[in-house]
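# Understanding the architecture of this molecule
Letter by letter, the chains look like this.
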Amino acid sequence: MTDLTRIALSTGVELDVQLAGPEDAPVVILLHGFPESHRTWRDIVPDLARDHRVVAPDQRGYARSSKPPRVEDYAPDRIVADLLALADALRIGRFTLVGHDWGGAVAWMAALGHPDRIGRLVIVNAPHPLVFQRSLFDDPAQRAASQYITRFRDTGLDKGLVGAGLERFFATSFAQHITGAIGGADKAAYLDEWSQPGAMTAMLNWYRASQIIVPAPGEEPPRPAFLDAAFPPVTQPTLVVWGTQDKALLPMQLEGLDALVPDLTIERVDAGHFVPWQNPAAVLAAMRRWNI
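Heads up: these notes are all about the structure in this document. (Residues numbered from 1 in each chain as written. Predicted model: local features only at pLDDT ≥ 70, side-chain atom pairs only at ≥ 80, totals over all residues. Heavy atoms only, no water.)

## Details of the overall build of the chain
- Regarding its fold elements, the chain presents 12 helices and eight strands.
- Over its C-alpha atoms the chain spans a radius of gyration of 18 Å, differing by no more than 12% from the 19 Å that the globule rule assigns to 292 residues.
- With the principal axes as the frame, the chain shows a C-alpha extent of 55 × 45 × 40 Å.
- The 292 residues of the chain split such that 57% are buried.
- Across the chain, contacts joining residues at least 24 apart in sequence account for 76% of those joining residues at least 6 apart.
- Accessible surface computed for the chain: about 12,200 Å², of which carbon and sulfur atoms make up 54%.
- Here the chain carries 27 positive and 34 negative side-chain charges, and the mean point of each set is 2 Å from the other. (Helix = DSSP H or I, 4+ residues; strand = E, 2+ residues; numbered from the N terminus. Rg over C-alpha atoms; globule rule 2.2 N^0.38 Å. Buried < 20%, exposed > 50% of the residue type's maximum accessible area, 1.4 Å probe, protein only. Contact = heavy atoms within 4.5 Å. Areas by Shrake-Rupley, 256 points an atom, 1.4 Å probe, with all protein chains shown as cover. Lys, Arg positive; Asp, Glu negative; His and termini not counted. Charge placed at Lys NZ, Arg CZ, Asp CG, Glu CD.)

Structure representation (structure tokens):
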């Protein structure tokens with residue numbers, strides 16, 4: 001088990017955080033996605049910690065970190081505020097930010113809103129907010145692939161996610177996407193994290209608090225004006241590492257990204273959605289080539 005440090009934030013929550021590497025080294029903060037934890041980075045942290053101060057939190061709602069009760073407590077701006085408060089609590093000024101899945105979504109938003117704090121950005125299979133929302137209106141395949149979001153927003157789902165229900169969730173929503181079997185200590189660790197009181201509801205509340213619009217197949221809802229308006233660029237040097245076998249986030253999420261991210265490097269790797277699990281060596285190699 002990884003040693004974690006409990007850190008109270010000015011946002012009113014407490015996060016369990018993995019800290020590694022020299023305290024005086026350049027800082028990298030790693031943000032996990034759904035339905036994981038700091039353990040997303042199990043095969044990434046040891047290498048980065050050779051020459052970086054590595055900070056990998058269990059974000060709000062996950063594992064044993066705080067789980068505020070309301071859906072709105074998981075709005076993206078609250079999660080970004082946690083990130084900055086965590087950096088403040090650790091007396092970190094400017095840092096490199098790495099995010100996968102929901103952690104990547106938070107990373108995009110944090111980079112757009114706080115270029116003074118985030119010097120460089122690494123995104124692992126997490127779509128740019130404009131590209132993703134636009135694709136849900138304009139690309140039938142991506143719309144179909146994203147219907148799971150609507151399912152996750154159904155609060156009726158929560159009551160079945162206990163006991164044997166957690167085992168089924170593990171098998172159908174997570175393990176089937178990983179190359180090779182997951183068992184033993186890894187499976188036990190995830191089931192332990194998910195079985196913490198309120199954890200599954202809190203984790204799913206990230207989807208419920210999001211303003212992303214997911215039209216049903218064939219639906220033609222009103223089109224948000226911002227989809228066709230000017231959008232601010234991401235000004236930081238940005239590395240996007242993309243598992244090309246992702247069935248939830250299709251490769252078209254990379255199309256036109258260079259217009260929104262002027263200083264962009266894209267590395268395509270052989271993996272599905274859970275890239276840090278499936279091909280950590282490729283993720284590390286891409287980051288090291290990019291001089292992290």
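Still to come is the rest of the account.
## Quick look at unusual backbone geometry
- A cis geometry characterises the amide bond from F34 onward to P35, with omega recorded as 0°.
- If you trace the backbone, P35 turns up in the loop between β3 (27–31) and α1 (45–48).
- Positive phi, close to 60°, is recorded for R91, a residue that is not glycine.
- Unusually for a residue other than glycine, N125 sits at a positive phi of about 45°.
- Its location among the elements puts N125 in the loop between β6 (118–124) and α4 (129–138).
- For N125, a relative accessible area of 0% gives the class buried.

## Quick look at the side chain of H100
- Looking at where H100 falls in the secondary structure, it is placed in strand β5 (residues 95–100).
- The exposure class of H100 is buried, given its relative accessible area of 0%.
- Sequence-distant contacts of H100, defined by excluding residues within four places in its chain, comprise L31, H32, G33, E36, T40, W41, V124, N125, H273, F274, V275 and P276.

## Concerning helix α9 (residues 199–209)
- The buried fraction of α9 amounts to 10 of the 11 residues, a majority that puts the element mostly inside the structure.
- For α9, the complete set of buried residues consists of A199, M200, A202, M203, L204, N205, W206, Y207, R208 and A209.

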